[in-house]
Amino acid sequence: MSEHDPMLPARDDEVIVATYNVEALFDTEKATGTLDHEYLPTGHYAWTEEKLAKKIANLARVIRSINSGRGPDLLALNEVENRGIVTRLRDEGLADLGYSTIVHFETECMYGLDNALLSRFSTIGTPALHSVNLPGTDASKRARGILEATFDVHGVALTVFVNHWPAGGGTTVSKRRYIARQLRGHIERRLAETPDAEIMVLGDFNATTDEDAFGDKGLRASSDADAVVAGGSAVYDTRDGSHPEQATHFTRPYPYTGPTGEWRALDHVFVSRGLLDQRGLSWVAGSTRTHRPDFLLDDDGAPRAFFERGVSPRQQDLDRTGFSDHLPVVTRLRRHAE
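Residues numbered from 1 in each chain as written. Predicted model: local features only at pLDDT ≥ 70, side-chain atom pairs only at ≥ 80, totals over all residues. Heavy atoms only, no water.

**Focus on the overall build of the protein**
Here is step 1: Across its full length, the protein carries 4 helices and 16 strands.
Here is step 2: Whereas a compact globule of 338 residues would reach a radius of gyration of roughly 20 Å, the protein reaches 19 Å, a difference of no more than 12%.
Here is step 3: Taken over the C-alpha atoms alone, the protein extends approximately 55 × 45 × 40 Å along its principal axes.
Here is step 4: Out of the 338 residues in the protein, the part that is buried amounts to 54%.
Here is step 5: Restricting to contacts in the protein with at least 6 residues of sequence separation, those with at least 24 account for 70%. (Helix = DSSP H or I, 4+ residues; strand = E, 2+ residues; numbered from the N terminus. Rg over C-alpha atoms; globule rule 2.2 N^0.38 Å. Buried < 20%, exposed > 50% of the residue type's maximum accessible area, 1.4 Å probe, protein only. Contact = heavy atoms within 4.5 Å.)

Now the structure itself:
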C-alpha cells in the first residue's frame, strides 16, 4: 500500500480533501421546475425511500473508507439534488464524522443536479454560486454553476471551486471551454486580491486534461509546477490522468451492451501556486489518487453504479446495488508552522 493510499489515516499535520460524483443523489419528492420525474416512486427508477436509504448507506461506506474510517476533512460532491439530500447523507450516514458545515446552492440545471461541499471547517465570508450562461442556450438549460467557498483550515484561508462541466462531444466541447474561461476569471480575481491565495479547483470536468478547455484558451492549467509558481499558468494539475490507475469513469457505448467501453480520467484536482510553497498549507506531492477499493468495482473492473446493468430498476435487488458510476479522487494538504 502506497504512503498516499486514500484509505490510510491522515498524519497529524495533514488535511485530506476528496471530490466525488455520487451519481444522481435525488430525494423522492417532486421538485418544481426540474426534470426529476424519473427519480420518483412512480418514475422510471421507482425511486422509493427504501432505495434512497440504501443509496445513502452505500455512499457513506465509500466516504468512510477514506482516511481510515474518518472520511475526508473536506468533501466536494457532484450530482446532489438539493441541500436537504446532502443533509440526509450527513445525518443518516455520516453523523459521527463531524461534518459541521454544508455549502450548497440551487443551480439552474434543468435536471436539478447540484454541487455541494461537506466540511469539518467553518467558512470565511459568504460562499457563492457563479452561474454559467452558455451562449445560445435557454436559461432553463444552463450548466451547473461553479460553487465557491473559503474555509478556515487551522487558521489558513483555503478557497475551493467545485465544478461539474457538461458531458459529451461536438458543441459541448466549446461549452466546456467557455466555462473554463469563466472559472479562470474567478481564480484570477481571487489571486488579484491575494497573489499567494491557497486555492483548490476540483470536481467532475467531464474531460481529460488534454482537452482545449484546460489549455491557454480555457483554464490555463499546467503539469509544470514552475510555470504555475511563475504565474504563466493559473493552476497546477496534481495528477497524471493518463495512468490507468488514475481513471475515474468507465464510459460505455450506447446502447449499454457487454463489457466494452473506455476508462477516462474525468475528475480532477488543481491547485494554485499558494499550495505549491511551504507556507500555510501545501499540496503533498504525489498524493492525488483515484480511490478504487475492490468493493467499488464490478466484476469487469468498472465502477459499480447504483443500478445493476441489464436489470430493470423495478426488479433491482437491493443487496446487489452499487455506489456511483464515478470513483472518488482523494488528495492531501500539509500544514506548516508559522
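**Observations regarding the environment of glycine 274**
Here is step 1: Note on placement: glycine 274 falls in the loop between strand 13 (267–271) and strand 14 (281–283).
Here is step 2: Given a relative accessible area of 0%, glycine 274 falls into the buried group.
Here is step 3: Distance from glycine 274 to leucine 158, taken between C-alpha atoms, is 9.6 Å for residues 116 residues apart in sequence.
Here is step 4: Here glycine 274 is in contact with Asp196, Ala197, Glu198, Arg279 and Leu281, once residues within four sequence places are set aside.

**What to know about unusual backbone geometry**
Across residues other than glycine, the phi torsion is negative in most instances, and most of the peptide bonds are trans.
Here is step 1: Despite not being glycine, glutamate 79 has its phi angle at roughly 70 degrees, a positive value.
Here is step 2: Among the structural elements, glutamate 79 can be located in strand 2 (residues 74–80).
Here is step 3: Residue arginine 220 is not a glycine yet carries a positive backbone phi of 60 degrees.
Here is step 4: With respect to the element layout, arginine 220 can be found in the loop between strand 8 (198–204) and strand 9 (221–222).

**Looking at the sheet that holds strand 6 (residues 143–153)**
Here is step 1: Spatial ordering of the open sheet is given by 5-6-7-8-13-10-9, a layout of 7 strands whose pairing is mixed. At either margin of the open sheet sits one strand with a lone partner, and together these are strand 5 (123–132) and strand 9.
Here is step 2: Strand direction decides the pairing type here: strand 9 and strand 10 (residues 235–237), joined by 2 bridges, are parallel. The residue of strand 10 that forms the bridge with alanine 221 is valine 235. (Pairing = 2+ DSSP bridges.)

**Notes on the packing of aromatic side chains**
Here is step 1: Per the counting criterion, the structure on display carries 15 aromatic pairs.
Here is step 2: Centre to centre, the rings of phenylalanine 306 and phenylalanine 307 are 5.0 Å apart; their planes meet at 85 degrees, and the pair counts as edge-to-face.
Here is step 3: The class of phenylalanine 306 is buried, set by a relative accessible area of 2%.
Here is step 4: The exposure class of phenylalanine 307 is buried, given its relative accessible area of 15%.
Here is step 5: Among the aromatic residues, those joined into a ring-pair cluster are Phe26, Tyr39, Tyr45, Trp47, Phe306 and Phe307.
Here is step 6: It is arginine 61 that lies over the ring of phenylalanine 295; its NZ or CZ is 4.0 Å from the centre.
Here is step 7: The side chain of arginine 292 reaches across the aromatic face of tryptophan 263, ending 4.9 Å from its centre. (Phe/Tyr/Trp six-rings, centres within 6.5 Å; stacked < 30°, edge-to-face > 60°. Lys NZ or Arg CZ within 6 Å of the ring centre and 35° of its normal.)

In short, geometric facts, not functional conclusions.
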